[in-house]
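One letter stands for each residue in the lines below.
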Amino acid sequence: MTTAAAHPTRTARPRRPWTPAQIVLTLLGTAVSAVFLAPLAWALFTSLKSETEAVEVPTHWLPHDWTGQAWTALFETGNITNWFVNSLVVSVCVTTIVLLVAALAGYGFARTEFRGKGLLMGVVMAGLMVSPAVLGVPLFTTVQQMGMVDTYWGMILPQCAPAAMVYILYKFFQGIPRELEEAAFIDGAGRWRVFFTIIVPLSRPSLAAVGIFTFISSWNNFLWPYMVTNNPDLMTMPNGIATVMNSYGIQWAQLMAGGLMAGLPLIVVFVFFQRQIVAGVAHTGLAGQ
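Residues take numbers from 1 onward in each chain, read along the sequence in its written order. Local features in a predicted model are, by the rule used here, given only for residues with pLDDT of at least 70; side-chain atom pairs are given and counted only at 80 or more, and totals for whole chains, interfaces and linings are based on all residues. Excluded from the side-chain calculation are hydrogens and water; included are all heavy atoms of the structure.

### Quick look at the packing of helix H5 (residues 80–111) against helix H12 (residues 204–220)
Then comes step 1: Viewed as axis vectors pointing N to C, H5 and H12 meet at an angle of 140 degrees, and their least axial separation amounts to 8 Å. Read as a crossing pair, H5 and H12 show a hand that is right-handed. Residues Phe 84, Ser 87, Leu 88, Val 90, Ser 91, Val 92, Val 94, Thr 95, Val 98, Leu 99 and Ala 103 of H5 lie in contact with H12, whose contacting residues are Leu 207, Val 210, Gly 211, Thr 214, Phe 215, Ser 218 and Trp 219.
Then comes step 2: Throughout, the ten residues Ala, Val, Leu, Ile, Met, Phe, Trp, Tyr, Cys and Pro are labelled nonpolar, Asp, Glu, Lys and Arg are labelled charged, and all others, Gly among them, are labelled polar. Taken together, the residues that form the contact of H5 with H12 break down as 12 nonpolar, six polar and no charged. Axis definition: a line fitted to C-alpha atoms, limited for helices to the stretch in contact. Angles are taken between N-to-C directions and run from 0 to 180 degrees. Helix and strand assignments follow DSSP, with helices taken as H or I runs no shorter than four residues and strands as E runs no shorter than two, numbered in order from the N terminus. Should the near helix be turned anticlockwise from the far one by less than a right angle, the crossing is left-handed, and should it be turned clockwise, the crossing is right-handed. Here, residues are in contact when the closest pair of their heavy atoms is within 4.5 Å.

As structure tokens, then:
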């Protein structure tokens with residue numbers, strides 16, 4: 001038997017022409033993508049200009065003389081390695097604590113009955129209506145009295161009580177069938193075992209979304225680390241980049257290079273975890289609320 005007979009050729013299906021709706025949606029998606037990518041492109045091109053060329057008027061997109069002077073100066077004059085490590089430590093610790101606290105609190109509200117549950121849930125809901133900026137002064141006073149100014153814990157702990165994340169997981173846990181837990185209770189499993197062996201595995205999409213959103217929020221947080229930290233060695237990336245200036249004003253090329261450095265981890269997180277983000281939002285129980 002010949003090779004052609006053993007492997008019959010497959011007829012290629014003719015490609016269907018695009019419909020007007022597909023063309024419109026493609027053009028719309030391209031336009032939206034261009035709007036979002038334009039600032040990144042501008043920052044990249046500006047970071048590859050000299051400081052003199054970066055402030056020229058009229059401005060131009062592409063540099064006339066390509067140079068990495070801004071990137072070199074950023075690493076030489078700025079303590080960007082420490083800023084990056086500080087941001088990573090703070091964001092990872094905040095994310096870990098928030099996941100633990102929000103999961104336990106959400107599960108407790110969704111599955112247990114206790115005196116004062118409605119009042120406590122109302123307090124959590126009230127937290128959704130209070131701006132973090134309003135709490136800045138009382139939080140700083142508390143941290144100062146506890147002696148945690150200019151410490152990692154002073155930056156971490158005040159970010160670890162997000163009412164929104166508790167509510168998201170609370171709504172998700174409400175959608176898990178109670179029959180799964182009841183069957184485990186009949187088999188002799190306790191509340192903690194049910195939580196860690198049944199509830200947590202079923203909640204991975206929502207937990208992933210909460211963790212990613214918390215990491216991004218903590219990484220981008222500028223106000224609180226700025227308030228509670230005076231030590232240059234404890235600055236996070238947003239605070240460190242804000243210091244990229246001298247007596248002549250802001251160094252725009254260095255500022256753009258620092259902004260790209262600060263945004264790179266978030267881009268990597270989104271690229272590698274975009275499925276978890278979409279799945280988490282779809283499974284939070286907020287659809288149709």
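There is more to say, and it comes next.
### Things to note about the side chain of Glu 51
Then comes step 1: Examined against the element boundaries, Glu 51 turns out to sit in helix H3 (residues 51–54).
Then comes step 2: The side chain of Glu 51 is buried and forms no salt bridge, while Lys 49, the nearest opposite charge, is found at 11 Å.
Then comes step 3: Reaching out from Glu 51, the side chain makes a polar contact with the backbone nitrogen of Trp 252 at a distance of 3.2 Å.
Then comes step 4: Residues adjacent in sequence count toward polar contacts only when both atoms are side-chain atoms; beyond that, a polar contact is any pair of N or O atoms within 3.5 Å, and within protein one must be able to donate a hydrogen and the other to accept it. Of note is the side chain of Glu 51, whose polar atom sits 3.2 Å from the backbone nitrogen of Gln 254.
Then comes step 5: With sequence-adjacent residues up to four places away left out, Glu 51 is seen in contact with Gln 251, Trp 252, Ala 253 and Gln 254. Only protein chains enter the accessibility calculation, which uses a 1.4 Å probe. A residue is then buried if its area is under 20% of the maximum for its type, exposed if over 50%, and partly exposed in between. Under the convention used here, Asp and Glu are negative, Lys and Arg are positive, and both His and the chain ends fall outside the count. We count a salt bridge whenever a side-chain nitrogen from Lys or Arg sits within 4 Å of a carboxyl oxygen from Asp or Glu.

### Observations regarding the packing of aromatic side chains
Then comes step 1: Two rings from Phe, Tyr or Trp (for Trp, the six-membered ring) form a pair when their centres are within 6.5 Å of each other. A pair whose planes differ by under 30 degrees is stacked, one over 60 is edge-to-face, and the rest are tilted. Counting across every chain of the model gives 13 aromatic pairs.
Then comes step 2: With centroids separated by 6.2 Å and ring planes inclined at 85 degrees, the aromatic side chains of Phe 45 and Trp 66 adopt a geometry described as edge-to-face. One end of the pair, Phe 45, is in helix H2 (residues 20–47); the other, Trp 66, is in the loop between H3 and helix H4 (69–77), with 21 residues separating them in the sequence.
Then comes step 3: Residue class for Trp 66 comes out exposed when judged on its relative accessible area of 52%.
Then comes step 4: Taking the centre distance of 6.3 Å and the plane angle of 40 degrees together, the rings of Phe 109 and Phe 114 count as tilted.
Then comes step 5: A relative accessible area of 9% means that Phe 109 is categorised as buried.
Then comes step 6: Taking relative accessible area as the criterion, Phe 114 reaches 36% and is therefore assigned partly exposed.
Then comes step 7: Grouped by ring-pair contacts, the aromatic residues Tyr 107, Phe 172, Phe 173, Trp 192, Phe 195 and Phe 196 constitute a single cluster.
Then comes step 8: Seen from the ring of Trp 42, Lys 49 lies directly overhead, with NZ or CZ sitting 5.0 Å from the centre. Geometrically, a lysine NZ or arginine CZ counts as sitting over a ring once it is within 6 Å of the ring centre and also within 35 degrees of the ring normal.

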